[in-house]
Structure formats: C-alpha cells, structure tokens
Amino acid sequence: MGKNIVEKILSRHIVEGDLLKESKIAIKIDRTLTQDSTGTMAYLQLEAMGIDRVKTKKSLAYIDHNMLQQGFENADDHKFIQTIANKYGIYFSRPGNGICHQVNLERFSVPGDTLLGSDSHTPTAGGVGMLAIGAGGLDVALAMAGEPYYIKVPKVVKVELKGRLSPMISSKDIVLELLKRESVKGGVGKIYEYSGEGVKYLSVPQRATITNMGAELGATTSIFPSDERTKEFFKAQDRLEDWLELKADLDANYDSVIEIDLEKLDAMVAAPHSPDNVRTCREEGRVKLDQVAIGSCTNSSYEDLMKVARILKGKKVAAHTSLVIAPGSRQVMEMLAKNGALADIISSGARILENSCGPCIGMGQSPGTDAVSLRTFNRNFYGRSGTNSARVYLASPEVAAVSAIYGYLTDPRDADFEIDFENISVDKFIIDDSMIIAPASEGQEVEVVRGPNIKPFPLNTKLKNSIFAKVIIKTEDNITTDHIMPSNAKLLPYRSNIPYLSEFCFSTIDQEFARRAKDNKVGIIVAGENYGQGSSREHAALAPLYLGIRAVLAKSFARIHKANLINSGILALEFENAEDYKRIDQMDQLELVEIFDGLENARIKAINRDKNFEFYLRASFSREEVLILLAGGKLNSIKQKASLVEELCIR
Ligand code: MIC
Ligand code: SF4
C-alpha cells in the first residue's frame, strides 16, 4: 500500500516501536532549533547532561524574542547562549538576523528531514516538506544530545485544497478557515498533510503561514509536499542541493479528509481572544482600529511585506491608527531596503521595528487601555499583547495593510483604490549568512559566560505513593501557557530565573496564585479541556513545580504542555468522568491514593476530602513516561548518566 508524506518521513526516522496508530514511537531528530526565551533553560539542561558536542546534523540557536535589552538580563542571556553554542557545536544566529522560523525556512529547512525546536511554531518548516515539531527545551536538549524523540503515532488528516485563491484572499485565510472548522483543540494528536491542485498555486512562504498556524489547531505538525514550487524557492535561496522531491503516493491512506474550496474563501479575521474565534471581515463589520501590527513568524516574509508595501505605496496610515511593521529576517529587510519598498512603507507613516518577534510576544508596542489591535500574528490570547484590556484581532497582511489606511477593519476587496501585486516574486534572494556564527572546532576550549540572572532550575523529587494537597486554582477550558506563565516585556527577561518568574505564575487571571501555592507548600491544579495550549515554554511547568504543584487534573491537555509536565515530574491526569470536574472547587482538599498501582493500571483513584466523594483519573502514560514520573522528572531519570545535575539544580 502507498504511503502519505508523514509515513514516508516517519518510517525513515523511526528507531523504536512500530508505525501503528496510537502507539508510542521514538524518532531520530536530524536538526534542532532553539530561540532565546526557551533556549537559556534548554542549554542549562544540555549542560546538565554532560555531553561534549551536539550529535545532530545541524543545530541552531537563534536570538529573536528577548530583544529589548532594558537591563543587563537579556544581553547576559544572549552572551550565555552564544558562548554555550560555541562550546557545544551549535550555530548561532545573532540578534538582528531574524525570527527563528523565518530564518530557518530561508536558510536551514530541508525537505524530508526531522526538526525539533523549542518553540511551538517550529512546524513552519513543514512548508517545505520537513517534519518539524515543537517541544519543550528539555526534549530539544535531549535531541541535541543524540537521544530520539518520543511521539504517539499521530492521525494523518489530508487537507485537500481545491481551486485557487481569489485576489486579495491569502493563505492566512485558509488556515483561519481551518481553525474555524476544527477549533484550537481540533488538531491534538494529528498531523495535517496538505494536498490537492490548490497546493501548486501556493508559494513556500504562503504554505509556511499555514503550517505555522497549525500550532494553533493543537496539531503535532503540518506538512506540504516538496514540489516544483519548493524547488524554485530553494533555487532562489541558492540552496538547490538541499532540495528533494517529496509527495504522497497516489494510493496513500489518511485517517480523515478535509476539503477546502479556495475559490469560495473570504477575507477572515480571528476575533478576541482566541485564534479559532473566526468570522469573515465583512461579518465582523467596521471595527475602529487603534493599532495595526504586521510581522511575526506567521506573516513576515519578503512576499508578505512586498504586498504590504504595494498597498501602502502613495497612501497614508489613518490618523487614529498606529501601524508597526517588523520584517521577519535581515534578508527580508535588506531586500525591501534595496528595492525601495521600505521607502514606500516608511512614507506611509508606518513605524519600523527590528527583525524579531516584538509585539507578538508583548515585547513592546503594547496597545493602550481598551484599545483594538489588528495583527498578522498567530495568537490573540487574553493579555498576550501586554495589555489585559486590549482586544486583539488576527488577519492576513492584505487585510492589515488596507485596514491601516482606513483605520477600520476592511476586507481588502472593498478598498476604493487599485492594488497591484504584479512581479512581486523574485528568483534570487540576497544571500548573506554572516550573522550566523559557526561554532568553535571540536576540542577547542570555550568559556561559557554566565550572567547573574541565570539561576539554577528546579528539579522535582521522587514521586510519592500518595499526594495530599489542596486545589490551588481551578481553571476553565483552553487555558494557554500565556495564562499559566505570562510573557511580556517585564517578564521575558527572567526566563532563566524561575524563582523570580514563579511570582507571576497565573498573574493575568489570578494575582494570588503564587502566594496561595507557597502558603500551602504542596498543591494541585484542576483544569478544563485543552489545558496548556499555545507556547512550548517549559516555564509553564517549571514555575508551578517551583511553587509546589505536584499534579494537574484536567479534562484534556495540549500536547507540548503535557510533555513538559511529565518531564518536570508533575502528574498530568485526565478526568475519567468529565462531570467530576464540576464537583471540585478551588481550595478543596484532594488525596491521590495508591499512585504507583494507579500508574501500572493507567487509572488513579482520588478522594475529595472536603466533599467526601471518590473519583478516577486516567493516567495515560507510556512505559517510558511512567519511569520519568516515578523518578521525579526526566532529568532525574537520566541522572545516572549526568553527574552534573546535582550541582546545577535547586531542590
Ligand atoms: C509564542 O509564540 O508563544 C512563543 C513565545 O514563541 C513560545 C515560546 C516561548 O514561550 O518562549 C512558543 O510558541 O513556543
Ligand atoms: Fe516569535 Fe510570535 Fe512566532 Fe512566537 S509566534 S516565535 S513570539 S513571532
């Protein structure tokens, strides 16, 4: 029987287990990427493993998130990452070179290879046919150390793209349509594989916008075939030697099929505060905009910004609207500067930001009180912009640029001026990799520079057979890692300082969480569906761990966060009967009993001591995960191999 693309790549990389649905397999990771806000922790963990050099084909350390440098902290972290990368054989992408996913797509993506990145939008590289997965920093550190990556064999969903996009409708609208249909938890345990005649009309950057936002569906990853369009992209990037053709066999099988008729798509918008709260721009109506922000790893390619420049050329941004633009990479910025498009953008009144994540992660440009911001980004979670009362919408660059001119949300097809996108594509990008620094050669002595902001990370203790603790917080469905461990300009500089960061755990929704947790010493979190969606930040597990959280009981979990909890030795358990969730209140005293037997039987008994009832929790873990939990986390479980762990950790 024929194979789909996912099966082809997985079967070439499988090192343990069988490619059977739902079973756990280990795959070989060819390449890794880290970015600075998850990277400091990942490199501390790599150091704790006591290896000499990374074992991957190529590993990259990017600096793109923490770019404001309001104090010494960010600069120190950059130096730490640069020196540790140098020591372990990792290529270093200097601050200013661009957003990890954009630079990776341009310069380092390879069809058919596997990539593990400590960022949830690593699947962006699926746009060229790479099997690219986001994970917590520890899993990426392990991959750098040559360990395989464990995943449950995902369901493969074929997304059949029919026809061709109408003018002014973009690939962002395709993925917003999918989010509307599937929701932010619709992709959990799945990989979306794109096919159909519509694929050939989409350029690589357009495809990458779609695979990037597959993260918002909760998917393990998303992937496109590698075809003639991909080849053109590699040729223009002067990397033809990295290209290979990759397509599904004609008789390939899929777990399910979704059809999207591109001709019928409208210009879409995701309304506050969730990427799946999708409507058409016309349905949403005339929303007045205080801010428009263009950029992020979703929509900051050369092609995206050329379209923006063409729309803005000869126009002015509305007087009540602030337009900010962050190109995705130095390559993009340089191309725009050389061909004059940057001048068109500047002359419209747009504010130019550096090539980084910037406002997407609340690093500057936070909107004013109650302000409305329209962004080409991928996430509009509550509070993520840095302003809790702000209302953030997500849309395509076309919608954003036209709307910035009017100052109101506008379907670009309703613009009363001509828009010309002729001759935007290029057959040669400017190639200059001088901001990628190659590591020192093997054996060379390298000193790792560690600033005072870099603190040891918390390590759990061995699992006990029972947990007796209060429910420190009870949350709703779809709680994001931005709720659990917020990130903004004030907090991001402390990603290597868990004791400080933990003071702000859950602070956007509950200012008292950290104090309550500390007062109680041990605690439990009770949550609804899709707990921990969004970012791959391990800090959303490490900060609760530091505050004494030993178990999270949820209706369901997001994939990366569940793995991060297990890696930290925190029990991630699911309600067997979702109704039990309703019967528990914050500060109820719970007891998890006979945990060791429960882990063996995949079912743990709990007792609510305040309300006097018993309930059961699903303990759905692989054998490997059970061992990790028993040891008190993944680093403990590999401690025998890593003599340094003791010194680097606080208990
Ligand atoms: C995000 O988009 O939420 C981030 C910031 O890039 C995160 C990583 C982080 O929290 O540092 C992600 O997507 O994994
Ligand atoms: Fe950066 Fe935003 Fe992309 Fe995350 S989603 S990597 S913060 S640009």
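Given the structure is predicted, the values throughout are model-derived calculations rather than measurements. Once a new chain begins, its residue numbering starts again from 1 and follows that chain's sequence as written. Just so you know, chain letters begin at A and ligand numbers begin at 1, following the order they were written in. In keeping with the predicted nature of the model, local features appear solely for residues at pLDDT of at least 70, side-chain atom pairs appear and are counted solely at 80 or more, and the whole-chain, interface and lining totals rest on all residues. In computing side-chain values, all of the structure's heavy atoms are included and hydrogens and water are not.

A. Region of interest: the sheet that holds strand E23 (residues 523-527). Strand order in the closed barrel made by the seven strands is E22-E23-E24-E25-E28-E27-E26, with mixed pairing throughout. Across the sheet, the axes of successive neighbouring strands diverge by a mean angle of 40°, strand direction being ignored. DSSP-based pairing: two strands are paired if at least 2 bridges between them are found. Numbering goes from the N terminus for both helices and strands, where a helix is a DSSP run of H or I of at least four residues and a strand is a run of E of at least two. Geometry is summarised by axes, namely lines fitted to C-alpha atoms with helices restricted to the contacting stretch, and by angles between N-to-C directions that run from 0 to 180 degrees.

B. Spatial organisation of the site of ligand 1. Nearness of a residue to a molecule or strand requires only that one of the residue's heavy atoms be within 4 Å of it. Residues in close proximity to ligand 1 total 14 residues, the closest being Ser37, Asp119, Ser120, Ser536 and Arg537. Contact between ligand 1 and Ser37: an oxygen atom at 2.5 Å from a side-chain N or O atom of the residue. Whenever two N or O atoms come within 3.5 Å, that pair is a polar contact, provided that in protein one can donate a hydrogen and the other can accept it, and provided that, for residues adjacent in sequence, both atoms are side-chain atoms. Residue Ser535 places a side-chain N or O atom 2.8 Å away from an oxygen atom belonging to ligand 1. The protein chains shown are the only cover counted for residues, whose accessible areas, like all others here, come from Shrake-Rupley with a 1.4 Å probe. Out of a free accessible area of 340 Å², ligand 1 has 97% covered by protein chains. When grouped by side-chain class, the residues that make up the shell around ligand 1 number one nonpolar, eight polar and five charged. Any residue that is not Ala, Val, Leu, Ile, Met, Phe, Trp, Tyr, Cys, Pro, Asp, Glu, Lys or Arg is counted as polar, Gly included; the first ten are nonpolar and the last four charged.

C. Quick peek at the site of ligand 2. Around ligand 2 sit His65, His101, Asp119, His121, Ser296, Cys297, Cys357, Cys360, Ile361, Asn378 and Arg384, and those are all the residues in its vicinity. Classifying every residue of the shell around ligand 2 gives four nonpolar, five polar and two charged.

D. View of the pattern of salt bridges. By salt bridge we mean one thing: a side-chain nitrogen of Lys or Arg within 4 Å of a carboxyl oxygen of Asp or Glu. Taken as a whole and assessed by the stated rule, the structure comprises 44 salt bridges. Arg31 is paired through a salt bridge with Asp113; the nearest N and O atoms lie 2.8 Å apart. Of this pair, Arg31 sits in strand E3 (residues 31-35) while Asp113 sits in the loop between helix H4 (100-108) and strand E6 (114-117), placing them 82 residues apart in sequence. Across the pair, exposure class does not vary: Arg31 and Asp113 are buried alike. When the shortest N-O distance is used, the salt bridge between Glu284 and Arg279 registers 2.6 Å. Whether a residue is buried, partly exposed or exposed follows from its accessible area with a 1.4 Å probe, protein chains only, as a fraction of its type maximum: under 20%, in between, or over 50%, in that order.

E. Summary view of the pairing of strand E4 (residues 58-62). Of all the five residues making up E4, four are buried; the element is thus mostly covered by neighbouring parts of the structure. By the criterion used throughout, a crossover qualifies as right-handed when its path from the first strand across the helix to the second strand runs clockwise, the strands pointing away from the viewer. Viewed along the sheet, the connection from E3 through helix H2 (residues 36-48) into E4 turns out right-handed. Note that E4 and strand E5 (residues 91-93) share three bridges and pair parallel. The partner of Leu60 across the bridge, within E5, is Tyr91. Crossover handedness for the path E4 to helix H3 (residues 72-88) to E5: right-handed.

F. Highlighting the sheet that holds strand E1 (residues 14-16). Pairing within the open sheet is antiparallel, and its three strands lie in the order E1-E2-E8. Here the strands that pair on one side only, and so sit at the sheet edges, are E1 and strand E8 (149-152). Direction aside, neighbouring strands of the sheet carry axes that sit 45° apart on average.

G. Molecular detail of unusual backbone geometry. Omega for the bond connecting Pro272 with His273 falls within 30 degrees of zero, at -10°, which places this linkage in the cis form. Along the chain, His273 falls in the loop between strand E13 (268-270) and strand E14 (278-280). Positive phi, normally seen in glycine, also occurs at Phe506, with a value near 60°. Mapped onto the elements, Phe506 comes out in the loop between helix H15 (498-501) and helix H16 (513-520).

H. Structural detail: the packing of aromatic side chains. Each Phe, Tyr or Trp ring (for Trp, its six-membered ring) is paired with any other whose centre lies within 6.5 Å, and the angle between the two planes then decides the class: stacked below 30 degrees, edge-to-face above 60, tilted in between. Summed over the entire model, instances satisfying the criterion amount to 12 aromatic pairs. For the ring pair Tyr302 and Phe429, a centre distance of 6.2 Å and an interplane angle of 85° mean the geometry is edge-to-face. Remark: Phe429 occurs in the loop between helix H13 (397-406) and strand E20 (436-437) and Tyr302 occurs in helix H10 (residues 302-312); sequence separation between them is 127 residues. Phe429 sits in the buried class, given a relative accessible area of 12%. Taken together, the ring pairs in this structure connect Phe233, Phe234, Tyr302 and Phe429 into an aromatic cluster. Placement of a positive charge over a ring is assigned whenever Lys NZ or Arg CZ falls within 6 Å of the ring centre and within 35 degrees of the normal to the ring plane. Over the ring of Tyr408 we find Arg286; its NZ or CZ atom is 3.8 Å from the centre of that ring. Over the ring of Phe417 we find Lys315; its NZ or CZ atom is 4.3 Å from the centre of that ring.

I. Region of interest: the confidence of the model for the protein chain. A score from 0 to 100, pLDDT tells how confident the predictor is in each residue. For the protein chain, per-residue confidence averages 96 on the pLDDT scale, and 98% of positions sit at 70 or higher. Under a pLDDT of 50 for its full length, residues 640-651 has, in the predicted model, 30 contacts with residues more than four places off or in other chains. Note on definitions: a residue-residue contact is assigned when non-hydrogen atoms from the two residues lie within 4.5 Å.

J. Seen up close, the packing of H2 against helix H5 (residues 137-144). Contact pair H2 / H5: the axes reach a minimum separation of 8 Å and the direction vectors enclose 45°. Compared by their axis directions, H2 and H5 come out oblique. Here H2 runs over H5; the crossing is right-handed. Only Gly137, Leu138, Ala141 and Met144 of H5 make contact with H2, whose side of the interface consists of Ala42, Tyr43, Gln45 and Leu46. If an angle is under 35 degrees, it is roughly parallel; if it is over 145, roughly antiparallel; if it lies from 65 to 115, roughly perpendicular; otherwise it is oblique. Whether a crossing is left-handed or right-handed is set by the direction in which the near helix is turned from the far one by less than a right angle, anticlockwise for left-handed and clockwise for right-handed.

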